[in-house]
Amino acid sequence: MQGTFGWYGFQVRHPIDWAPTSISGARNEGYVRLSSTGVQALQIRWKLQKGAFDGEALIDGYFSKLKSDAKRFKVPFRREHKEVGEFEHEYRWVGQGQGRGVLFLEPISNRVFFLEVTGDRSASLLSQVRAARSSFQTAADSRELWSVFGLQALIPSGLALDSKRFESGRTRLMFKHRLTKVEVERWAMGSQLVAKHGLESWAKSNLGWESAETVEEDGGLRLVGKARLGQRREAIVQLQPEPNQICIVKSSFRDAQWRPEWDWLPDFEES
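Calculation criteria
- Residues numbered from 1 in each chain as written.
- Predicted model: local features only at pLDDT ≥ 70, side-chain atom pairs only at ≥ 80, totals over all residues.
- Heavy atoms only, no water.
- Helix = DSSP H or I, 4+ residues; strand = E, 2+ residues; numbered from the N terminus.
- Buried < 20%, exposed > 50% of the residue type's maximum accessible area, 1.4 Å probe, protein only.
- Contact = heavy atoms within 4.5 Å.
- Areas by Shrake-Rupley, 256 points an atom, 1.4 Å probe, with all protein chains shown as cover.
- Lys, Arg positive; Asp, Glu negative; His and termini not counted.
- Charge placed at Lys NZ, Arg CZ, Asp CG, Glu CD.
- Core = buried A, V, L, I, M, F, W, Y, C linked by side-chain atoms within 4.5 Å.
- Pairing = 2+ DSSP bridges.
- Axes fitted to C-alpha atoms, helices over the stretch in contact; angles between N-to-C directions.
- Salt bridge = Lys/Arg side-chain N within 4 Å of Asp/Glu carboxyl O.

**Student:** When you look at the overall build of the protein chain in this model, what are you seeing that I'm missing?
**Tutor:** The secondary structure content of the protein chain amounts to four helices and 19 strands. In terms of principal-axis extent, the alpha carbons of the protein chain reach across some 65 × 40 × 30 Å. When burial is assessed residue by residue, the protein chain has 47% of its 271 residues classed as buried. Taking contacts inside the protein chain between residues at least 6 apart in sequence as the whole, the part at least 24 apart equals 46%. Taken as a whole, the protein chain presents about 13900 Å² of accessible surface, with 48% of it coming from carbon and sulfur. A distance of 8 Å separates the average location of the 39 positive side-chain charges in the protein chain from that of its 34 negative side-chain charges.

Given below as structure tokens:
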């Protein structure tokens with residue numbers, strides 16, 4: 001079983017029981033760690049490339065920090081790497097633990113990525129890091145997949161992530177672009193919530209839009225709230241039975257390109 005993590009225009013597959021334990025940074029530079037209760041983890045580091053790509057220098061800088069960490073813990077440190085493409089290197093390090101990774105330049109966003117699987121010193125990690133690398137994709141069109149903790153949404157590029165909230169049974173991402181605000185939200189136990197409250201009643205209460213106009217559409221419900229300060233307010237609400245969750249996309253906008261559409265909520269993917 002595999003899951004998908006999507007963030008700032010890139011996505012990668014991972015074991016279904018792995019989830020983010022650390023997320024930091026923004027589009028031009030950041031870090032994510034995905035793991036479960038075991039020792040192994042997938043780490044993704046990215047940074048906007050400035051100037052010519054120098055894989056050797058980037059790996060040397062990374063290994064230098066790891067070597068210092070190993071020295072602090074008084075364990076031997078070994079390293080190796082090889083160039084596997086014009087803008088790509090495979091590497092391995094062994095210290096207190098071990099890691100196998102791929103360093104590469106992603107040409108669409110001009111970002112350098114370190115994609116690395118870590119584990120204990122005896123673990124076999126090569127197949128896992130190569131599987132992660134082969135699944136890695138970046139957005140090549142006008143929409144980006146954001147996929148985390150059960151929430152999957154294809155959001156138009158041009159929005160900046162303003163804040164995030166991860167709670168038990170609830171995932172929420174909030175985006176901004178000038179006067180536009182878009183929020184995407186996922187609630188677990190969707191069928192139970194609908195059985196108890198009804199989808200329309202629950203959605204209006206959740207949004208605080210008790211007087212909103214409600215329209216039934218093929219994907220679910222569209223709610224049209226009262227305009228504020230020249231801003232239109234609309235939301236789409238969808239019960240997704242198979243993952244048993246409710247997803248909401250709420251938008252405050254003037255430009256029609258930010259009006260929420262049903263294809264912003266792709267079919268839930270899990271394989």
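**Student:** What is the right way to read the environment of Lys47 from this model?
**Tutor:** The topology assignment puts Lys47 in strand S5 (residues 41-48). The sequence separation of Lys47 and Gly61 amounts to 14 residues, and the corresponding C-alpha distance is 14 Å. Not counting the four nearest positions on each side in its chain, Lys47 is found in contact with Asn28, Glu29, Asn110, Arg111 and Val112.

**Student:** Whenever I open this one, the nonpolar core confuses me. Can you help?
**Tutor:** One broad trend across soluble globular proteins is that nonpolar side chains are buried collectively. With 41 residues, the main nonpolar core has Phe5, Trp7, Leu42, Leu173 and Phe175 as its most contacted residues. Those residues in contact with Phe5 that lie beyond four places of it in its chain are Phe10, Gln11, Val12, His14, Pro20, Ile23, Val32, Leu34, Ser147 and Val148.

**Student:** Where do I start with the sheet that holds strand S19 (residues 245-253) in this structure?
**Tutor:** Within a sheet, adjacent strands bond to each other through the backbone by hydrogen bonds, running parallel or antiparallel. With respect to topology, seven strands assemble into an open sheet ordered S13-S14-S15-S19-S18-S17-S16, the strand pairing being antiparallel. Strand pairing shows two members of the sheet lacking a second neighbour, strand S13 (160-167) and strand S16 (213-217), which therefore form its edges. Taking each pair of neighbouring strands and ignoring which way they run, the sheet shows an average axis angle of 15 degrees. Here strand S17 (residues 220-228) pairs with strand S18 (residues 231-240) via six bridges, running antiparallel. Along S18, the bridge assignment pairs Leu223 with Ala235. In the packing of helix H4 (residues 199-207) onto the sheet, contacts are made with strand S15 (180-188), S16, S17, S18 and S19, and the angle to S19 comes to roughly 50 degrees.

**Student:** Mind showing me how you'd approach the pattern of salt bridges here?
**Tutor:** Here the idea is simple: oppositely charged side chains can pair when their charged atoms come close. Tallied over the entire structure, the rule returns 18 salt bridges. Where Glu185 meets Arg170, a salt bridge forms, and the shortest distance between an N and an O atom there is 2.5 Å. On the criterion of sequence distance, the pair formed by Glu185 in strand S15 and Arg170 in strand S14 (residues 170-177) is long-range, its members being 15 residues apart. What makes Arg170 buried here is its relative accessible area of 18%. Here Arg222 makes a salt bridge to Glu234, at a shortest N to O gap of 2.9 Å. With Arg222 in strand S17 and Glu234 in strand S18, this residue pair connects regions lying 12 residues apart in the sequence. Here the two residues Arg222 and Glu234 agree in accessibility, since each one is buried.

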